[in-house]
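# Survey of secondary and tertiary structure
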Amino acid sequence: MDTHPPKLVVIHPMYTAREYRRHLTAIDDALIVHRYADGRFQLELRPMVKLASRGAKSYGAALRQLAADLEAGYRAVIVDRDNFLSDLEQLAREHATDKDRDEIERAAQVVAERTRHQVWDSLFEAPAEYRMGRMLLAARQRRTKADRDEQNGLNCMFGIPTPRTEQLWHSLRHQWCSPRSNAAGKAAWENWCRANRPNMPKVEAA
């Protein structure tokens, strides 16, 4: 099997409780993955977007970003896709100004037209051996600090916790890729981490 899309974005929405309901408040660090015809992988991490604290326009901006990604040919994998898309569209429309309304409606239409063929739920068509792991990832708390003695592996790299979207991508990579391209994807991730993870402070010996 070797069906990893050429351009992929992995999205993990974040919610908080508000008046007995879950309210969309942020989009966690989103992972962008390019897979080239020669088998190379290139990764990029978009920083977390705090929707609720960035003002009313942030929901519309997030919807327009998703529409732009889809128009650019990206496939998207989203944790809890249907609820996220429904909430994002509703909040974008609810907070749209008269000036922004046409752009919001256009973005919503683009997303609606492309969802079936370009946007997957993280559990969609996942074999049983992957579903439980992805459900655990979806429920995992966002971490910015490593636990004691954590260093290198899929949960931490260079003592820095691996973003949840990267962890989800590892599961997708195992499902979609042949053994050879899977190994190439993991090597690309490790190289990318070496180049992009900040240096950790050294502990002075007592």
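This text gives an overview of the structure that appears in the document. Computed from a prediction, not measured in an experiment: that's the story for all the values here. (Residues numbered from 1 in each chain as written. Predicted model: local features only at pLDDT ≥ 70, side-chain atom pairs only at ≥ 80, totals over all residues. Heavy atoms only, no water.)

### Considerations on the overall build of the protein
For the protein, the count of helices and strands is 6 helices and 10 strands. In terms of overall size, the protein behaves like a compact globule, its C-alpha atoms giving a radius of gyration of 18 Å where 206 residues would be expected to give roughly 17 Å. Expressed as a percentage of the 206 residues in the protein, the buried residues total 44%. Contacts spanning at least 24 positions in sequence make up 66% of the contacts within the protein whose residues lie at least 6 apart. Just so you have it, the protein exposes about 12,200 Å², and 49% of that area is on carbon and sulfur atoms. Charge separation in the protein, taken as the distance between the mean sites of 33 positive and 28 negative side-chain charges, equals 3 Å. (Helix = DSSP H or I, 4+ residues; strand = E, 2+ residues; numbered from the N terminus. Rg over C-alpha atoms; globule rule 2.2 N^0.38 Å. Buried < 20%, exposed > 50% of the residue type's maximum accessible area, 1.4 Å probe, protein only. Contact = heavy atoms within 4.5 Å. Areas by Shrake-Rupley, 256 points an atom, 1.4 Å probe, with all protein chains shown as cover. Lys, Arg positive; Asp, Glu negative; His and termini not counted. Charge placed at Lys NZ, Arg CZ, Asp CG, Glu CD.)

### Details of helix 2 (residues 81–94)
With 14 residues, helix 2 ought to run about 20 Å at 1.5 Å a step, and its terminal C-alpha atoms sit 20 Å apart, in line with that. Along helix 2, the positions that sit buried rather than exposed are R81, F84, L85, L88, L91 and A92. Burial along helix 2 is one-sided: seen end-on, the buried residues are contained in an arc of 145°. (Expected span 1.5 Å × (residues − 1). Arc of directions from axis to C-beta.)

### What about the sheet that holds strand 3 (residues 21–27)?
With antiparallel pairing, 3 strands are arranged side by side in an open sheet as 2-3-6. The open sheet has two edge strands with one neighbour each: strand 2 (13–18) and strand 6 (49–50). Pairing of strand 3 with strand 6, which is carried by 2 bridges, proceeds in the antiparallel orientation. If you follow A26 over to strand 6, its bridge partner there is K50. Sheet strands touched by helix 2: strand 2 and strand 3. Its angle to strand 3, the strand with the most contacts, is close to 85°. (Pairing = 2+ DSSP bridges. Axes fitted to C-alpha atoms, helices over the stretch in contact; angles between N-to-C directions.)

### Section: the side chain of S181
On the secondary structure map, S181 appears in helix 6 (residues 179–196). You can call S181 buried: its relative accessible area is 6%. A polar atom in the side chain of S181 sits 3.1 Å from the side chain of S178. With sequence-adjacent residues up to four places away left out, S181 is seen in contact with D2, R35 and F41. (Polar contact = N/O pair within 3.5 Å; in protein donor to acceptor, adjacent residues only side chain to side chain.)

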